[in-house]
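# Summary of structural features
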Amino acid sequence: MPRNNLVDRLAAALSSLKLTIACLALLMVLVVACTLAQVELGTHLAVERYIRAFIVWWVPEGSAVRVPVFPGGGLLGGLLLLNLIFAQFRRLELSWRKGGLWIMHIGLALLFIGEFATALLQVESNMAIEEGQTKSFSEDYRRMEVVVIDETDKEFDDERGIPDSRLRSSNVITDPSLPFKLIVRAYHDNAALSTRPAGTAPSIITQGVGVGMTYQALPPVTGDNDQNTAVAVVEPVLPDGRSVGVYLLSNALGARQGFMHEGRSWRLALRLRHYQHPFSLTLNDFKHDLYPGTNIPKNFSSLVRLKDPRSADDREVLIYMNSPLRHDGLTFYQASFGKDDTLSVLQVVRNPSWTLPYLSCLLVSLGLLWHFGVMLRKALGARPA
Amino acid sequence: MMTMRSLAGAALPVMAALLLASCGEEQITRARVPKEPLPSAAAPAMGMGGGIEAPSERPRGLVWTLPSGWTEVAGNGIRLATFVPPGGLKTEATVVALPGDSGGELANANRWRGQLGLPPTDEAGMAAARTTVSTKVGTVKIYDFTGEGAVRSRMIAAAVDTGGTTWFFKLMGEAGATQSARAGFLAIIKGLKPDAAK
């Protein structure tokens, strides 16, 4: 096989130590830039734009053009992973003597793969639950949804959640379970609502509490504790083409907005995205312990009752710092509290790859021990008799 | 020993699987969620006798009296209260109070018609659909609209201006159930009184 073919040249480049050094240097710069960017963008947005992205983009003010200015963490991490794999197979012999290095490198590769998987697959949400309250859903504080609810049944609501990504990308929303289509006239991640001044041109909003209101689109908020006021202007259209009217929906509007169709009562709303779970949690007690004689928090804990009808699971669980509840592929962490210690906020995380960092640490440790053992044996064997 | 080509052949599907897992349009979710129980209003005082319950105490400008068998559920936000007729009828009445004329009579009438899927009407059509009832809080205008379709919905809406505030009482639900609850709803409207506690 000719040594200068394209694949070999690519493999040589990808296994180069120079590539390793370059990527690590760029990563160091990226981490500093991301840390500084958090001041303006907030933690989540800075991580999304610098660490989780493949490219860091710059958008000149007043322009819609995006200019690539730096490789993102996704690209650098991907290159380092390829660099590790190619260097491993090109330079490292497969032998017992090098076994420790193999295991260490596999562990490192798993760490990279785990981070990629987390970035792509992890879903985070929160469950704010008061003492005595039972909940079977969690909310995504950074995502919105328009929810179309059939409220006709006296005991159950039949909810359809339309994610914000669909509202941005589609003008017409249809679903086989809906007897009407929803035309999305506008969607804004953040806006300021106000009363429409008298004498202004008629609004397109013809139904609900939005009649007489107006809004102005704003840039999305960036503070970690800030909340967007999302706005959607939607128009349900019946199968025969008749419009029910144009509604203004917002997570800032609490009034019920809806209509009747074929004897069924429909409600429209815009809210934080809900993730329904097939089990429920009841907060029996929230404790906020302080060190005696001080106001320094010692412990936060939530005593919850988990009820899962699928498995007849019915038990009390104490959730506290570093001791989450793991159930049904979800992990519930004690995150925050409020309302004079009667409200507990749990962070709910679904991450199919959560075990990879632990496996990675285990393999790296094993590899180090193996390699140390090999070197020690070699050193002991080389001693003069 | 694994060649570069076979390594690439093994690595690429794994990376592709990860990327595919995160691609694609997000789906519309569907869930059947138990209704959260709303807090009930305090039970009215007993011992009045007859078919009319004692009025609840609420310093809101208007006082209403529910017929026997009707229950009141405390509202939330803009809705002040919900009246539920007896017998599990598929209809209920709501109470909302808004400052001023809230857009005007024709706009309100067309908004109600829109909620039933009816086309808007004009001043003449609105006048033809309007009846009035004299009460102790003034003249109440009442509209009765019935929707179209295989399963018809009906709305009986009442509006009264108490000087600066317009009160809206709206009975809405399945047409037959609304007809059954109509007499009780009109009794509530006719029994409206000023709130002496205000």
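Reference entry: report on the structure contained in this document.

Criteria and cut-off values
Residues numbered from 1 in each chain as written. Chains lettered and ligands numbered in written order. Predicted model: local features only at pLDDT ≥ 70, side-chain atom pairs only at ≥ 80, totals over all residues. Heavy atoms only, no water. Contact = heavy atoms within 4.5 Å. Buried area = accessible area lost by both parts, 1.4 Å probe. Salt bridge = Lys/Arg side-chain N within 4 Å of Asp/Glu carboxyl O. Polar contact = N/O pair within 3.5 Å; in protein donor to acceptor, adjacent residues only side chain to side chain. Helix = DSSP H or I, 4+ residues; strand = E, 2+ residues; numbered from the N terminus. Buried < 20%, exposed > 50% of the residue type's maximum accessible area, 1.4 Å probe, protein only. Pairing = 2+ DSSP bridges. Axes fitted to C-alpha atoms, helices over the stretch in contact; angles between N-to-C directions. Arc of directions from axis to C-beta.

Now for the interface of chain B and chain A. Interface extent is often summarised as the accessible area lost during association of the parts. Counting residues at the interface gives 39 residues for chain B, matched by 53 residues for chain A. Both sides of the chain B and chain A interface together cover about 4,100 Å² of buried area, and 57% of this is carbon and sulfur. Across the pair Arg 30 of chain B and Asp 158 of chain A runs a salt bridge whose closest N-O atoms are separated by 2.6 Å. The interface formed by chain B and chain A contains 15 residue pairs in polar contact (both at pLDDT 80 or more).

All names here are of chain A. Inspection of the secondary structure puts Lys 378 in helix H7 (residues 356-381). Looking at Lys 378, the relative accessible area reads 55%, which means it is exposed. Spatially, the C-alpha atom of Lys 378 lies 13 Å from that of Lys 98, the residues being 280 residues apart in sequence.

Residue and element names in this part refer to chain B. The strand order across the open sheet formed by 7 strands is E3-E4-E5-E9-E8-E7-E6, and the pairing between neighbours is antiparallel. Looking along the sheet, the strands with just one partner apiece sit at the ends: strand E3 (71-74) and strand E6 (130-135). Neighbouring strand axes in the sheet, compared pairwise and without regard to direction, differ in orientation by 20° on average. Where E3 meets strand E4 (residues 79-84), 4 bridges bridge the pair, whose relative direction is antiparallel. The residue bridging Val 73 from the neighbouring strand is Thr 82, located in E4. With respect to the sheet, helix H2 (residues 105-115) is in contact with E6, strand E7 (138-146), strand E8 (153-161) and strand E9 (165-174), its orientation differing from that of E7 by roughly 30°. Relative to the sheet, helix H4 (residues 175-190) contacts E4, strand E5 (91-99), E6, E7, E8 and E9, its axis offset from that of E9 by approximately 155°.

Residue and element names in this part refer to chain A. Looking at helix H1 (residues 6-14), one finds that the buried residues are Asp 8, Ala 11 and Leu 14. Considered in projection along H1, the buried side chains sweep an arc of 130° and stay on one side of the axis. Opposite its buried face, H1 presents the exposed residues Leu 6 and Leu 10, each directed more than 90 degrees away. The N-cap residue of H1 is Asn 5: its side-chain oxygen and the backbone nitrogen of Val 7 are 3.2 Å apart.

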